[in-house]
Amino acid sequence: MRDKILVTGACGQLGTELVMALRERYGWERVIATDVYDANDKLMQKGAYMKLDVLNVRRLSYVFERMGVGQIYHLAAVLSASGEQNPEAAWQINMQGLLNVLEAARAQRVEKIFWPSSIAVFGPESMRAACVQQSALDPTTIYGISKMAGEYWCRWYYNTYGIDIRSIRYPGLISYSAKPGGGTTDYAVDIFHKALEEGHYGCFLRDTTTLPMLYMPDAVRGTIELMEAPRGQLSVHTSYNLAGLHFSPRELATEIRKHIPGLTVSYHPDFRQAIADSWPTGILDLEARRDWGWEPQFDLETMVTDMLAHLKNDVH
Ligand code: AKB
């Protein structure tokens, strides 16, 4: 019976939270968390966990067959900022890793796959303040190029082999459980930790750089809702735009100061500024709302309140 749900990149920011949500929803015994690392988290160790390298196609195929995998959440990836520092490795992991998963999934008749794309598929030629689903794609980073190519590979596998592949173009993800690593939007998580620990944050983006963001509980819920939506309702087979929050570092700092009045922030833009400047400041997500009822629940105010409540309880 192919009823197992396998997650690659399970130790990453999204994987850590998605694995927990999937286990709670479908049962601990059904969800197999995998990554190239040793399990980094007590909860991850309690459920099924396996070391798995997405660059090893034969092992992928073996594991999918042996474990009876029916669904895959293929999250393993190198993000935008890290990708620019090591482009060849980023291309290998992001592109070859995806092709390996798709090919092994086809060979083992896996029914359904989730694969994350990103707002990094957009760039200078894309729409800026209200970027619609059909806007021109114009990625400027290796990460964005791999996501753009990946979207079309996914659609090709869907059209050619009928594999049910679903995808979201995530904006920056904000979470309290796991820190992001190597992204351009990471400042929006780092600032919370520094605000609580030191009362000061040195931001690597300019104060007015507005970017699309999404709070992790919304991201996890939206992902599972997309995966559970009836196949016939879905009209986008590349990747869905998804909007949640839009704010700049200055606006985020102002909101955090309502809870931590002494917070100071200095701005020292580095190479990530150019990446951020190439991305839209706002996303429109009509198709996601229409096709599978997407609706975010958190705004800037409720996200900040919730983040700080969890971080104060859990870590500090
Ligand atoms: C990044 O900053 O690279 C990611 C993304 C927007 O995909 N968070």
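Data block above holds the structure.
What comes next is a walk through the structure. Since the structure is predicted, the reported quantities are computational estimates derived from the model, not experimental observations. (Residues numbered from 1 in each chain as written. Predicted model: local features only at pLDDT ≥ 70, side-chain atom pairs only at ≥ 80, totals over all residues.)

1. Here we look at the overall build of the protein
Here's step 1: In terms of regular secondary structure, the protein is built from 12 helices and 12 strands.
Here's step 2: Relative to the 2.2 N^0.38 estimate, which gives 20 Å for 316 residues, the radius of gyration of the protein is 19 Å and therefore close to what a compact globule would have.
Here's step 3: Oriented by its inertia axes, the alpha-carbon framework of the protein measures out at about 55 × 45 × 40 Å.
Here's step 4: When each of the 316 residues of the protein is scored for burial, the buried share is 47%.
Here's step 5: Across the protein, every contact between residues at least 6 apart in sequence was considered, and the portion connecting residues at least 24 apart equals 79%. (Helix = DSSP H or I, 4+ residues; strand = E, 2+ residues; numbered from the N terminus. Rg over C-alpha atoms; globule rule 2.2 N^0.38 Å. Buried ≥ 20, exposed ≤ 12 C-beta atoms within 10 Å, placed from the backbone. Contact = placed C-beta atoms within 7 Å.)

2. Remarks on the environment of alanine 21
Here's step 1: Here alanine 21 lies in helix 1 (residues 13–26).
Here's step 2: The spacing of alanine 21 and isoleucine 224 is 203 residues in sequence and 8.7 Å in space, taken between C-alpha atoms.
Here's step 3: With residues up to four places along the chain from it excluded, the contact list for alanine 21 reads Val220 and Ile224.

3. Observations concerning the nonpolar core
Taken as a class, soluble globular proteins show a tendency for nonpolar side chains to be buried jointly.
Here's step 1: The biggest cluster of nonpolar side chains holds 93 residues, and the ones touching the most others in it are Val7, Ile174 and Ile191.
Here's step 2: In terms of residues, this core owes the most to one element, helix 5 (residues 87–107), which gives seven residues.
Here's step 3: If sequence neighbours within four positions are ignored, valine 7 has contacts with Gly15, Leu18, Val19, Val31, Ala33, Thr34, Tyr73 and Leu75. (Core = buried A, V, L, I, M, F, W, Y, C linked by C-beta atoms within 7 Å.)

4. Remarks on the sheet that holds strand 7 (residues 172–174)
Here's step 1: If you walk across this open sheet you meet the three strands as 7-9-11, and the pairing is mixed. Looking at strand neighbours, the two that pair on one side only are strand 7 and strand 11 (245–247), the edges of this open sheet. The mean angle between the axes of side-by-side strands here comes to 40°, regardless of whether they run parallel or antiparallel.
Here's step 2: Examined bridge by bridge, strand 7 and strand 9 (residues 211–215) share three bridges and lie parallel to one another. Each residue of the ladder has a partner; that of leucine 173, found in strand 9, is leucine 214.
Here's step 3: Strands in contact with helix 8 (residues 216–228) are strand 7 and strand 9; relative to strand 9, the strand with the most contacts, it is inclined by about 75°. (Pairing = 2+ DSSP bridges. Axes fitted to C-alpha atoms, helices over the stretch in contact; angles between N-to-C directions.)

5. Some thoughts on the site of the ligand
Here's step 1: Close to the ligand lie Leu79, Ser80, Ser118, Ile119, Ala120, Tyr143, Tyr170, Pro171, Gly172, Gly183, Thr184 and Thr185.
Here's step 2: Of the residues that constitute the shell around the ligand, the class distribution is six nonpolar, six polar and no charged. (Near = placed C-beta within 6 Å. Nonpolar A, V, L, I, M, F, W, Y, C, P; charged D, E, K, R; others polar.)

6. Description of the pairing of strand 8 (residues 200–203)
Here's step 1: Here strand 8 shows a clear split, with Tyr201 and Cys203 buried on one side and none of His200 and Gly202 buried on the other.
Here's step 2: Bridging between strand 8 and strand 12 (residues 264–267) involves four bridges; their strand directions are parallel. Of the residues in strand 12, the one forming a bridge with tyrosine 201 is valine 265.

7. Describing the sheet that holds strand 3 (residues 48–51)
Here's step 1: Reading across from one edge, 3-2-1-4-5-6-10 is the order of the seven strands in this open sheet, with parallel pairing throughout. The sheet terminates laterally at strand 3 and strand 10 (240–241), the two strands that pair on one side only.
Here's step 2: In terms of strand pairing, strand 5 (residues 112–118) meets strand 6 (residues 164–170) through seven bridges, oriented parallel. Note that in strand 6 the partner of proline 116 across the bridge is isoleucine 168.
Here's step 3: Contacts between helix 5 and the sheet are confined to strand 1 (4–8), strand 4 (69–74) and strand 5, with strand 4 contributing the most and set at about 170° to the helix.
Here's step 4: On top of the sheet, helix 8 reaches strand 5, strand 6 and strand 10; it is set at about 155° to strand 6, its chief contact.

8. Description of unusual backbone geometry
Here's step 1: Non-glycine residue arginine 109 carries a positive phi angle of around 55°.
Here's step 2: Relative to the helices and strands, arginine 109 is located in the loop between helix 5 and strand 5.

9. A short note on the environment of glutamine 92
Here's step 1: You can see glutamine 92 is positioned in helix 5.
Here's step 2: Under the C-beta neighbour-count criterion, glutamine 92 is labelled partly exposed, with 15 such atoms within 10 Å.
Here's step 3: Each C-alpha atom of the pair glutamine 92 and leucine 55 lies 7.8 Å from the other, and the pair is 37 residues apart in sequence.

10. Some remarks on the packing of helix 9 (residues 249–257) against helix 12 (residues 300–314)
Here's step 1: Taken N-terminus to C-terminus, the directions of helix 9 and helix 12 make an angle of 55°; their axes are 10 Å apart at the nearest point. With respect to each other, helix 9 and helix 12 are oriented oblique. Of the two possible hands of crossing, helix 9 and helix 12 adopt the one that is right-handed. Across the interface between the two elements, Glu251, Glu255 and Ile256 of helix 9 pack against Leu300, Glu301 and Val304 of helix 12.
Here's step 2: Considered class by class, the residues forming the contact of helix 9 with helix 12 number three nonpolar, no polar and three charged. (Parallel < 35°, antiparallel > 145°, perpendicular 65-115°, else oblique. Left-handed = near helix turned anticlockwise from the far one by under 90°.)

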